[in-house]
Amino acid sequence: MVLEVPFNEDIYKKQTNLILGLYWNKILKKHKNNLIISIVFFLLGVFAIYGKGNVGYVFVIISIYGFLEFYKINTAYQKSKKEFQKIVSDEIKGQIESNQNSIWEFNDTYFRYKDYKLDVKINWTAFKSYAIIEDNLFLNLNVGNQSSYIIAKEEIGNDSFQEVLN
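Residues numbered from 1 in each chain as written. Predicted model: local features only at pLDDT ≥ 70, side-chain atom pairs only at ≥ 80, totals over all residues. Heavy atoms only, no water.

Caption draft 1: Broad picture of the pattern of salt bridges. Per the counting criterion, the structure on display carries eight salt bridges. Across the pair Glu9 and Lys13 runs a salt bridge, and its minimum N-O distance is 3.2 Å. In this pair, Glu9 and Lys13 both sit in helix α1 (residues 9-50), four residues apart, roughly one turn of the helix. What makes Glu9 partly exposed here is its relative accessible area of 29%. Close ionic contact of Glu105 with Arg112 constitutes a salt bridge, the shortest N to O distance being 3.7 Å. Among the residues examined, Glu105 registers a relative accessible area of 13% and is labelled buried. Arg112 gets classed as partly exposed once you look at its relative accessible area, which sits at 22%. Salt bridges here are not isolated pairs; linked through shared partners, they connect Glu105, Arg112 and Asp119. (Salt bridge = Lys/Arg side-chain N within 4 Å of Asp/Glu carboxyl O. Helix = DSSP H or I, 4+ residues; strand = E, 2+ residues; numbered from the N terminus. Buried < 20%, exposed > 50% of the residue type's maximum accessible area, 1.4 Å probe, protein only.)

Right under this line is the structure:
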């Protein structure tokens, strides 16, 4: 099965935002929970210090460490998000300037993807898994944490999407 898929900027932005969210949401949620715990520890520490308890200083120190960790992760997220958006913006510009359709070939023995700067043919054994998230098919390679090819049902239509899944 061979599909020619025209570039759609809106779909591409949705997919890249989905990727960013999939990577960062778990990390941010964990550190948000740690921030809440740090706030509780800080308040307990302040009350203990106010009540003349020396253990309050330990709670305050632990909470300051939690605040610093939250700040560090949040700063890394903001920096990563900014860099990621720059890469996405550059890719959108390249796709629009090239004005070429991408080629998605699903063969019994290999998968092929071709766009304006890339033409790869990959044996199916190189893929570790696939996932369907928000009507997007993720073909996950055995390389790296986030190496995927993504195609949306919206790009190719419901019938072709079902055929690809089969």
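Back to the write-up after that little detour.
Caption draft 2: Region of the structure containing the pairing of strand β6 (residues 136-141). Within β6, six of the six residues are buried, which leaves the element mostly enclosed by the surrounding structure. Neither face of β6 is left uncovered, since the one carrying Asn136, Phe138 and Asn140 and the one carrying Leu137, Leu139 and Leu141 both have all their residues buried. Across six bridges, the pairing between strand β5 (residues 127-133) and β6 is antiparallel. Residue Ile132 lies in a different strand from β6, and its bridge partner there is Leu137. (Pairing = 2+ DSSP bridges.)

Caption draft 3: Geometry of the sheet that holds strand β7 (residues 148-152). Strand order across the open sheet formed by three strands is β5-β6-β7, with antiparallel pairing between neighbours. Of all strands in the sheet, those with a lone pairing partner are β5 and β7, marking the two edges. With direction set aside, neighbouring strand axes in the sheet form an average angle of 15°. Together, β5, β6 and β7 form the strand contacts of helix α4 (residues 158-165), whose direction differs from that of β6 by roughly 30°. (Axes fitted to C-alpha atoms, helices over the stretch in contact; angles between N-to-C directions. Contact = heavy atoms within 4.5 Å.)

Caption draft 4: Looking closely at the layout of surface pockets. In this structure, the second largest pocket spans a volume of roughly 250 Å³. Along its surface, the second largest pocket is lined by 14 residues, and Phe106, Trp124, Leu139, Val164 and Leu165 are the ones closest to its centre. When residues of the lining of the second largest pocket are traced back to their parent elements, those giving at least two are β5, β6 and α4. Per-class residue counts for the lining of the second largest pocket are nine nonpolar, four polar and one charged. (1 Å grid on protein atoms, 1.4 Å probe; cavity = no way out; pocket = protein on both sides within 12 Å on 5 of 7 lines; lining within 4 Å. Points joined across faces, edges and corners; volume = space filled by probe spheres on them. Nonpolar A, V, L, I, M, F, W, Y, C, P; charged D, E, K, R; others polar.)

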